[in-house]
Amino acid sequence: MPWKDLSVIEQREEFVKLALAPGANKSEVCRRFSISREKGYKWLKRFSCEGRAGLCDRSRRPKKSPERTSKSMEQAVLTIRAESNNAWGGRKIANVLEREGRVHIPSPSTITEILRRHGKLHQNAPEHPGPFRRFEHEAPNDLWQMDFKGHFAMHRHRCHPLTVLDDHSRYSLGLEVCANEQDQTVRERLSRVFKRYGLPYRMLMDNGSPWGD
């Protein structure tokens, strides 16, 4: 005798009436209504404290959200977004926060929701709308793209992978192991790539400090 979608309150009232009847076997009444004893006693307790109103469904939203992103972190997200001319999305902003040494960094999807909540993204559109369009330059070495791909722990230190990609061939010109993301380290690694593949006409990277002035 499960609850019916169109008469939930009436079903709960009937359960309470039968369960509170003199000599009633509450476990048997729960079985007849196809609910657990725990749930049955929950409705009985609510009815005892609040009457019929206690049989209504309550919001499942928690009173407190300890994992909610702090206001200072939300402000950091918005600041980075503004500094990128409103171009960077959740994944890129998460990478920048990690480079800055922030703790308790939100996931890229949470950052996207922060941007949407503050009106930085269209409410009903994906972050990057439109069909995928592949782009490439006409010749090798016309444009290289360079970026650090996060970092991870090793036995004695952390590894910061530096990637260099040719935008024409999509060939990985360099995947360099770096102990940090500092200017001198970048110069040393790039010098090796230049000696092997020549100089590019242009290079594309973000506004991070490792790339120098």
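Residues numbered from 1 in each chain as written. Predicted model: local features only at pLDDT ≥ 70, side-chain atom pairs only at ≥ 80, totals over all residues. Heavy atoms only, no water.

This paragraph deals with the overall build of the chain. Of the regular secondary structure elements, the chain holds seven helices and five strands. Listed by position from the N terminus, the elements making up the chain come as α-α-α-α-α-α-β-β-β-β-α-β. With 213 residues in all, the chain has 33% of them scored as buried. Only carbon and sulfur atoms are counted for the fraction: they give 51% of the accessible area of the chain, which is about 15,100 Å². (Helix = DSSP H or I, 4+ residues; strand = E, 2+ residues; numbered from the N terminus. Buried < 20%, exposed > 50% of the residue type's maximum accessible area, 1.4 Å probe, protein only. Areas by Shrake-Rupley, 256 points an atom, 1.4 Å probe, with all protein chains shown as cover.)

Let's shift gears to the pairing of strand 1 (residues 144–148). A regular strand places its side chains so that they alternate between the two faces of the sheet. Of all the five residues making up strand 1, four are buried; the element is thus mostly covered by neighbouring parts of the structure. Across two bridges, strand 1 lies against strand 5 (residues 203–204) in parallel orientation. Along strand 5, the bridge assignment pairs Q145 with L204. (Pairing = 2+ DSSP bridges.)

Let us now look at the confidence of the model for the chain. Of all residues in the chain, 85% have pLDDT values of 70 or greater, and the mean over the chain is 82. Averaged pLDDT values for the elements of the chain fall to 84 in helix 1 (residues 8–19) and rise to 92 in strand 3 (residues 158–166). (pLDDT = per-residue confidence, 0-100.)

So, about the side chain of H160. One can find H160 in strand 3. When residues no more than four places from it in sequence are discounted, the contact partners of H160 are F148, G150, H151, E176, V177, C178, A179, N180 and E181. (Contact = heavy atoms within 4.5 Å.)

All right, on to the packing of helix 4 (residues 71–83) against helix 6 (residues 108–117) then. Between helix 4 and helix 6, the least distance of the axes is 10 Å, while the angle of their chain directions is 80°. The pairing of helix 4 with helix 6 is recorded here as roughly perpendicular in orientation. The segment helix 4 lies against helix 6, with E74, V77, L78 and R81 engaging I111, I114, L115 and R117. (Axes fitted to C-alpha atoms, helices over the stretch in contact; angles between N-to-C directions. Parallel < 35°, antiparallel > 145°, perpendicular 65-115°, else oblique.)

Right, let's talk about the packing of aromatic side chains for a bit. For the coordinates displayed, the defined rule picks out three aromatic pairs. Residues F15 and F33 carry aromatic rings whose centres are separated by 5.6 Å and whose planes lie at 75° to one another, so their mutual orientation is edge-to-face. Here F15, found in helix 1, pairs with F33, found in the loop between helix 2 (26–32) and helix 3 (37–50); they are 18 residues apart in sequence, far enough to count as distant. In terms of burial, F15 and F33 fall into one category: buried. Ring centres of Y171 and Y197 lie 6.0 Å apart, and the angle between their planes is 70°; this geometry places the pair in the edge-to-face category. In this pair, Y171 is assigned in the loop between strand 3 and strand 4 (172–178) and Y197 in helix 7 (residues 183–197), connecting sequence segments 26 residues apart. Judged by relative accessible area, which is 23%, Y197 ranks as partly exposed. (Phe/Tyr/Trp six-rings, centres within 6.5 Å; stacked < 30°, edge-to-face > 60°.)

This paragraph deals with the layout of surface pockets. Estimates place the volume of the second largest pocket at around 300 Å³. Lining the second largest pocket are 16 residues, and of these V96, R99, E100, G208 and S209 lie nearest its centre. Sorting the residues of the lining of the second largest pocket by element identifies helix 4 and helix 5 (90–99) as the ones contributing at least two each. Per element, the largest residue contribution to the lining of the second largest pocket is three residues, and it comes from helix 5. Taken together, the residues that form the lining of the second largest pocket break down as four nonpolar, six polar and six charged. (1 Å grid on protein atoms, 1.4 Å probe; cavity = no way out; pocket = protein on both sides within 12 Å on 5 of 7 lines; lining within 4 Å. Points joined across faces, edges and corners; volume = space filled by probe spheres on them. Nonpolar A, V, L, I, M, F, W, Y, C, P; charged D, E, K, R; others polar.)

To continue, consider the environment of N207. Residue position: N207 is located in the segment after strand 5. For N207, a relative accessible area of 65% puts it in the exposed group. Here the alpha-carbon distance between N207 and V96, two residues 111 residues apart in the chain, equals 9.9 Å. In contact with N207, not counting residues within four places along its chain, are E83 and W88.

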